[in-house]
Amino acid sequence: QVQLVESGGGLVQAGGSLRLSCAASGRTFSRLAMGWFRQAPGKEREFVAAISWSGDSLYYADSVKGRFTISRGNAKNTVDLQMTSLKSEDTAVYYCAAAPKYGEVARNGEYDYWGQGTQVTVSS
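Procedures and definitions
- Residues numbered from 1 in each chain as written.
- Predicted model: local features only at pLDDT ≥ 70, side-chain atom pairs only at ≥ 80, totals over all residues.
- Heavy atoms only, no water.
- Buried < 20%, exposed > 50% of the residue type's maximum accessible area, 1.4 Å probe, protein only.
- Helix = DSSP H or I, 4+ residues; strand = E, 2+ residues; numbered from the N terminus.
- Pairing = 2+ DSSP bridges.
- Phe/Tyr/Trp six-rings, centres within 6.5 Å; stacked < 30°, edge-to-face > 60°.
- Lys NZ or Arg CZ within 6 Å of the ring centre and 35° of its normal.
- Core = buried A, V, L, I, M, F, W, Y, C linked by side-chain atoms within 4.5 Å.
- Polar contact = N/O pair within 3.5 Å; in protein donor to acceptor, adjacent residues only side chain to side chain.
- Contact = heavy atoms within 4.5 Å.
- Salt bridge = Lys/Arg side-chain N within 4 Å of Asp/Glu carboxyl O.

Engineer: Would you mind going over the pairing of strand β7 (residues 68-72) with me for this structure?
Structural biologist: Consecutive residues of a regular strand have side chains that alternate between opposite faces of the sheet. Going residue by residue along β7, you find Phe68, Ile70 and Arg72 tucked away on one face and Thr69 and Ser71 left uncovered on the opposite face. In this structure, β7 lies alongside strand β8 (residues 78-83), joined through five bridges in antiparallel fashion. Paired with isoleucine 70 across the strands is leucine 81, a residue of β8.

Here you go:
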């Protein structure tokens with residue numbers, strides 16, 4: 001099966017920036033649409049951003065639109081999340097996810113593979 005590994009999390013002051021990355025390995029038998037989710041303390045997991053396999057289609061949660069940018073990495077089965085203007089509300093464990101889908105961004109229920117998460121902490 002596909003294994004996902006996130007990296008790039010850390011502690012940052014409000015207004016700062018971080019870049020997360022995710023790499024897929026293992027049995028990548030099909031094209032992968034990819035996305036980012038997060039789970040903040042006391043809240044349920046929420047969608048952050050999604051990108052199609054080709055990179056042509058992007059979709060963002062309203063809470064991060066204009067501040068975060070999702071992009072395909074140098075390799076096909078990689079994805080980055082560039083986060084700017086961070087605020088305390090962005091503090092969460094960020095999860096990379098992948099779906100065996102071609103042509104469109106994946107919907108929430110279509111993600112079959114998940115990383116273990118990387119902690120992002122934004123101090124005020």
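Engineer: Please clarify how the packing of aromatic side chains should be interpreted in this entry.
Structural biologist: Each aromatic ring pair is specified by the distance between its two centres and by the angle formed by the two planes. Applying the stated criterion across every chain, the model contains six aromatic pairs. Among the aromatic residues, those joined into a cluster by ring pairs are Phe37, Phe47, Tyr59, Tyr111 and Trp114. Looking at arginine 45, its charged tip hangs above the ring of phenylalanine 37, at a distance of 5.7 Å from the centre.

Engineer: I would appreciate a short explanation of the nonpolar core in the present structure.
Structural biologist: Membership of the largest hydrophobic core comes to 39 residues, with the highest contact counts inside it found for Leu4, Met34, Trp36, Leu81, Met83 and Tyr94. When residues in this core are grouped by element, the largest group, six residues, is from strand β9 (residues 92-99).

Engineer: Would you explain the side chain of threonine 118 in this entry?
Structural biologist: Within the secondary structure layout, threonine 118 lies in strand β11 (residues 118-123). According to the relative accessible area criterion, threonine 118 is buried, its value standing at 12%. Within polar-contact distance, the side chain of threonine 118 engages the backbone nitrogen of glycine 9 at 3.3 Å. Ignoring sequence-local partners within four residues, the contact set of threonine 118 consists of Glu6, Ser7, Gly8, Gly9, Leu20, Ala92, Val93 and Tyr94.

Engineer: When you look at unusual backbone geometry in this model, what are you seeing that I'm missing?
Structural biologist: Only a minority of non-glycine residues have a phi that is not negative, and only a minority of peptide bonds are not trans. Of note, serine 85 is a non-glycine position whose phi angle comes to about 50°, a positive value. Counting through the fold element by element, serine 85 comes out in the loop between β8 and β9.

Engineer: How should I be thinking about the pattern of salt bridges in this particular structure?
Structural biologist: Note that side chains of opposite charge can pair when their charged atoms are close. The final tally for this structure, using the stated rule, is six salt bridges. Ionic pairing is found between aspartate 90 and arginine 38, a salt bridge with its closest N-O pair at 2.9 Å. In this pair, aspartate 90 is assigned in the loop between β8 and β9 and arginine 38 in strand β4 (residues 33-39), connecting sequence segments 52 residues apart. Accessibility assignment for this pair places aspartate 90 and arginine 38 in one class, buried.

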